[in-house]
Amino acid sequence: MKMMDLKTKARLISAGSVELPEVFRPSGLVSTAGPGAGETNVFFKSGDRRVRLSVAESSPLKLVELVGREVAIIEDGVEVARGVLERPLLHCPRQAYITVSERCIYDCKFCAVPKLSGGVKSKERVERMVAEAWDTGELEAISLTSGVERSPEEEVTRVAEIIKSLRKFDVPIGVSVTPAPGSNKILKAAGADEIKYNVECLDPDLFERICPGVSLEKIKTALRDAVDKFGENRVFSNVIIGLGESEVALRDGIKELAEMGVLPVIRAVYPHPLRKGEIEMVRPTPERLIELARLTRNLLDEHGLRGDLAETGCYRCTGCDLVPHRDL
């Protein structure tokens, strides 16, 4: 059996998509989170590794059915890896990963959420969704993410109230929102265990063009404060790769995050059709993904941080990234 090793997972992440036969095409598995919002995805698990792939008819990767539950991913007629498809609980396996506000006042050029203008979930709806996930017996963590419907301050207040209502479920809760004044104190007091504020792009000059109206320095300030409030191995930040960022700025920025006590999530850019032509978006090569993952792993080791201690979110799921101390 050909299991998915580190190089193979990097290859699959770099490709980013897979073509599925009709029998495997999922229903109701459309993502509402982040840059890939509005797309259909599947989770492929092989050995101890997991990868999340968008479903696309034009993908160079093809999924084929084998005996029993087994499937294989094929490229140019050659088997790349063999494993099983995992059923997401809510957005990803074993977690209730829920987007509260599916809209955003900011216009980050890599993200589809502002273009989709989705709904805003009430506290009661989120609570029902988590209760249904809890009843499956599979729920191990809750991860809440949110756009910004009207203001970061209002969003933090909304999410804090939701967290309070979810504390009755005996699982860790992670939160990813746009920081606001006092947001760490508010979310920690509400019962959040882990926090993620996304820097997205670590090239300061490029950031201003990609995320107009957002302050990179304010996000970094919130991250520093978050480490003080939430503690070691509890603070995360997405770093998108493939936006045309300066290599020096990228490496210096990853180092800066690790020095703060923040665990960087090295995320391959997803060129969403709704953002076509707005900015440069090129999926990183497998080699680049591995190189940056190793850099991140070494920096985490240097600063006494552990990716495998994460209880929620992307470091827990591992589907979209090469996660230090889990994948390498």
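Note that the structure is a prediction, hence the values are computed from the model and not measured.

Enquirer: Mind showing me how you'd approach the packing of aromatic side chains here?
Expert: Working definition: an aromatic ring pair is given by the centre-to-centre distance plus the angle between the planes. Under the definition given, this model contains two aromatic pairs. Arranged with centres 5.4 Å apart and planes meeting at 50 degrees, the rings of F236 and Y315 form a pair that is tilted. Placement of the pair is F236 in strand β12 (residues 235-241) and Y315 in helix α10 (residues 313-317), with a sequence separation of 79 residues.

Enquirer: What is the right way to look at unusual backbone geometry in this model?
Expert: Excluding glycine, most residues fall at negative phi; most peptide bonds, likewise, are trans. At H91, a residue that is not glycine, the phi angle is positive and equals roughly 80 degrees. With respect to the helices, strands and loops of the structure, H91 is situated in strand β7 (residues 91-92). Within the chain, H325 stands out as a residue other than glycine whose phi angle is a positive 70 degrees. Checked against the element boundaries, H325 lands in the segment after α10. Residue classification places H325 among the buried positions, given a relative accessible area of 11%.

Enquirer: Explain empty space enclosed by the protein to me, please; I cannot follow it from the model alone.
Expert: Sizing a probe to match a water molecule and rolling it over the atoms shows the empty space that remains. Following the criterion strictly, the structure yields two cavities of 30 Å³ or more and no others. When its volume is computed, the largest cavity comes out at roughly 120 Å³. Around the largest cavity sit 15 residues that line it, and V175, K196, T312, G313 and C314 are the ones nearest its centre. The residue makeup of the lining of the largest cavity, split by class, is eight nonpolar, five polar and two charged. In this structure, the second largest cavity encloses a volume near 40 Å³. Along the walls of the second largest cavity sit I13, I266, L289, A293, C320, D321 and L322, which together make up its complete lining.

What counts, and where the lines are drawn
Residues numbered from 1 in each chain as written. Predicted model: local features only at pLDDT ≥ 70, side-chain atom pairs only at ≥ 80, totals over all residues. Heavy atoms only, no water. Phe/Tyr/Trp six-rings, centres within 6.5 Å; stacked < 30°, edge-to-face > 60°. Helix = DSSP H or I, 4+ residues; strand = E, 2+ residues; numbered from the N terminus. Buried < 20%, exposed > 50% of the residue type's maximum accessible area, 1.4 Å probe, protein only. 1 Å grid on protein atoms, 1.4 Å probe; cavity = no way out; pocket = protein on both sides within 12 Å on 5 of 7 lines; lining within 4 Å. Points joined across faces, edges and corners; volume = space filled by probe spheres on them. Nonpolar A, V, L, I, M, F, W, Y, C, P; charged D, E, K, R; others polar.

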